[in-house]
Amino acid sequence: MMTSQEVPFEAQLEARAQIIEALLRRLLDERLLPGEIARPQRLLAAMRHGVLNGGKRLRPFLVLESAALFDADPEAALRVATALECVHCYSLIHDDLPAMDDDDLRRGQPTVHRAFDEASAILAGDSLLTYAFDIIADEATAVPAGRKLALVLGLARAAGPGGMAGGQALDLEAERTAPDEAGIIRLQAMKTGALIRYACEAGAILADAPQGDRERLAEFGSAIGLAFQLADDLLDLTADTETMGKTTGKDAAAGKATLASLNGVDWTRAQLRGLVAQAHALLEPYGERAALLKQAASFVAERTK
């Protein structure tokens, strides 16, 4: 029998994704929670369409593995990971809207506003964002109140005007006024990096790890968040729509500069190697316990779709 470190990383990522998917299906079924009045069928269908459509589930994987690093409760970690995936999927649904990036394809299928309509897509995104905080606050997420508060606050900050939503606003501005390199880095740290940073820090919060560990895991998240965006920009330049399952070349078509388009493919690949080395170095104090997180950093930089 193979040990966990001998199982290919993508197989381990897929195994975690199936666990997350199973919980998402249960959370998005028709059963009412205490205090709910009704769950409209079309809204639920639109939410499921935007969530139960595959995807790597990288962010929840990072929550689960960062929690395991500090021996946090796995069931609580699973619920926080699923809440984070709800926020991520809400952002994709809204990002695809005509007023934003105006995409017709996501994960190889029609985007929510194409499969349903714009109003349903907006409400599905709104509901997923709100539901994420419900999932963490619910008594089923069995962590002490102080840690639960820190998890809610951290997710709100990562998703809000100083994080992901603010990054999306800067991304829209970038279509009209080209930012410099520092502006692009700030934009990407907010739009893409903030949720990845939170995913890595959340495990340390769940375990009530020392502040130094929280900061180290957050820094690790920042490094792989930037690597994720650089790899995404590289794929936007070099991959095709069929491989990616979403439209490629849109940044160039919209006149938006990215670090990859400004500095070229070779520079981008060199930066990715440096970020992976930085991420690995940050995890050195944890030894073999951090092996899967190190593999995640390499996967983020080397992925082909």
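Here, the structure is the one placed above.
The shown structure was predicted, so the numbers you read here are calculated from the model rather than taken from an experiment. Positions within a chain are numbered from 1, following the residues in the order the chain's sequence is written. Local features are withheld for residues below a pLDDT of 70 in this predicted model, meaning they are given only at 70 or higher, and side-chain atom pairs are given and counted only at 80 or more; totals for whole chains, interfaces and linings count all residues. Calculated side-chain values reflect all of the structure's heavy atoms, with hydrogen atoms and water omitted.

Honestly, the overall build of the chain in this entry has me stumped. Any pointers?
Numbering goes from the N terminus for both helices and strands, where a helix is a DSSP run of H or I of at least four residues and a strand is a run of E of at least two. Within the chain, the secondary structure is distributed over 15 helices and two strands. The globule rule puts the C-alpha radius of gyration for 305 residues at 19 Å, and the 19 Å found for the chain is close to it. When the 305 residues of the chain are sorted by exposure, 50% land in the buried category. For this analysis, residues touch if any pair of their heavy atoms sits within 4.5 Å. Pairs at least 24 apart in sequence give 72% of the contacts found in the chain among residues at least 6 apart. Throughout, radius of gyration means the C-alpha value; the globule benchmark is 2.2 Å times the number of residues raised to the power 0.38. Think of it in three bands: residues with accessible area under 20% of the maximum for their type are buried, residues over 50% are exposed, and the middle band is partly exposed, with areas taken using a 1.4 Å probe on protein chains only.

How do you make sense of the side chain of Glu85 when you look at a structure like this?
With respect to the helices, strands and loops of the structure, Glu85 is situated in helix α4 (residues 74-95). Relative accessible area serves as the criterion here: at 0%, Glu85 is assigned to the buried category. Those residues in contact with Glu85 that lie beyond four places of it in its chain are Leu24, Arg57, Pro60 and Arg107.

Is there a simple way to explain the packing of helix α6 (residues 118-137) against helix α7 (residues 145-159) in this structure?
How two helices sit against one another is set out by the angle between their axes and by the gap between those axes. Fitted lines through C-alpha atoms serve as axes, helices being fitted only where they are in contact, and the angles separating the N-to-C directions of these axes extend from 0 to 180 degrees. In the contact formed by α6 and α7, the axes pass within 10 Å of each other and the chain directions differ by 165 degrees. Our classification of the angle between α6 and α7 gives roughly antiparallel. Taken as a pair, α6 and α7 cross one another with a handedness that is right-handed. On α7, the residues that touch Ala132, Phe133, Ile136 and Ala137 of α6 are Lys148, Leu151, Val152, Leu155 and Ala156. In this classification, the charged set is Asp, Glu, Lys and Arg, the nonpolar set is Ala, Val, Leu, Ile, Met, Phe, Trp, Tyr, Cys and Pro, and all remaining amino acids, among them Gly, are polar. Residue classes in the contact of α6 with α7 are distributed as eight nonpolar, no polar and one charged. Relative orientations are named as follows: roughly parallel for angles under 35 degrees, roughly antiparallel for angles over 145 degrees, roughly perpendicular for angles from 65 to 115 degrees, and oblique for any other angle. Each helix crossing is assigned a hand: it is left-handed if the near helix lies turned anticlockwise from the far helix by less than a right angle, otherwise right-handed if that turn is clockwise.

Any chance you could explain the pattern of salt bridges here in plain terms?
Where charged atoms from two side chains of opposite charge approach closely, those side chains can pair. Definition used for salt bridges: Asp or Glu carboxyl oxygen within 4 Å of a side-chain nitrogen of Lys or Arg. Taken as a whole and assessed by the stated rule, the structure comprises 15 salt bridges. In this structure, the salt-bridge partner of Arg214 is Glu201, at a minimum N-O distance of 3.0 Å. Taken together, the positions of Arg214 in helix α10 (residues 211-238) and Glu201 in helix α9 (residues 181-206) put the pair 13 residues apart, joining distant regions of the chain. Here Glu284 makes a salt bridge to Lys294, at a shortest N to O gap of 2.6 Å. One end of the pair, Glu284, is in the loop between α14 (265-282) and α15 (291-302); the other, Lys294, is in helix α15, with 10 residues separating them in the sequence. Its relative accessible area of 18% is what places Lys294 among the buried residues. Within the structure, one salt-bridge network assembled from shared partners comprises Glu21, Arg25, Arg57, Glu85 and Arg107.

Help me out: how do you make sense of the packing of aromatic side chains in this one?
Two numbers describe a pair of aromatic rings. These are the distance of the centres and the angle of the planes. Side-chain rings of Phe, Tyr and Trp (the six-membered ring for Trp) are treated as a pair once their centres are within 6.5 Å; stacked means planes under 30 degrees apart, edge-to-face means over 60, and tilted covers the remaining angles. Under the counting rule described, the total for this entry stands at three aromatic pairs. Taking 5.3 Å as the distance between ring centres and 80 degrees as the angle between the ring planes, the aromatic pair formed by Phe9 and Phe61 counts as edge-to-face. Of this pair, Phe9 sits in helix α1 (residues 9-27) while Phe61 sits in helix α3 (residues 58-69), and the two are 52 residues apart along the sequence. Each of the two residues, Phe9 as well as Phe61, counts as buried. Through a chain of ring-to-ring contacts, three or more aromatic side chains come together here, namely Phe9, Phe61 and Phe299. For the cation-ring pair, Arg59 lies above Phe228, with the distance from its terminal atom to the ring centre recorded as 5.1 Å. Two limits define a charge over a ring: the Lys NZ or Arg CZ must be within 6 Å of the ring centre, and within 35 degrees of the ring normal. Here the guanidinium or amino end of Arg303 rests over the ring plane of Phe228, the centre of that ring lying 3.9 Å away.

Looking at this structure, I do not really get the state of the cysteines. What am I missing?
Linking two cysteines covalently through their sulfur atoms gives a disulfide. Any two cysteine sulfur atoms within 2.5 Å of one another count as a disulfide. In total, this model carries zero disulfides according to the counting rule given. Free cysteine: Cys89, not disulfide-bonded; nearest cysteine sulfur from Cys86 at 7.0 Å. By relative accessible area, Cys89 is classed as buried at 0%. The thiol of Cys200 is unpaired, and the distance to the nearest cysteine sulfur, on Cys89, comes to 17 Å.

Would you mind going over the packing of α4 against α6 with me for this structure?
Running from amino to carboxyl end, α4 crosses α6 at an angle of 160 degrees, the nearest separation of the two axes being 8 Å. By the angle between their axes, α4 is roughly antiparallel relative to α6. For the pair α4 and α6, the crossing hand works out as left-handed. Contacts between α4 and α6 involve Arg79, Ala83, Cys86, Val87, Cys89, Tyr90, Ile93 and His94 from the first element and Ala121, Ile122, Ala124, Gly125, Asp126, Leu128, Leu129, Ala132, Ile135 and Ile136 from the second. Of the residues in the contact of α4 with α6, the class split is 14 nonpolar, two polar and two charged.

I would appreciate a short explanation of α4 in the present structure.
Helical geometry note: an α-helix holds 3.6 residues per turn, so side chains three or four residues apart project in the same direction. Taking 1.5 Å per residue, 22 residues should reach 32 Å; α4 reaches 31 Å between its end C-alpha atoms and fits that length. In terms of residue burial, α4 counts as a mostly covered element, since 20 of its 22 residues are buried. Expected span, for any helix, means 1.5 Å times one less than how many residues it has.

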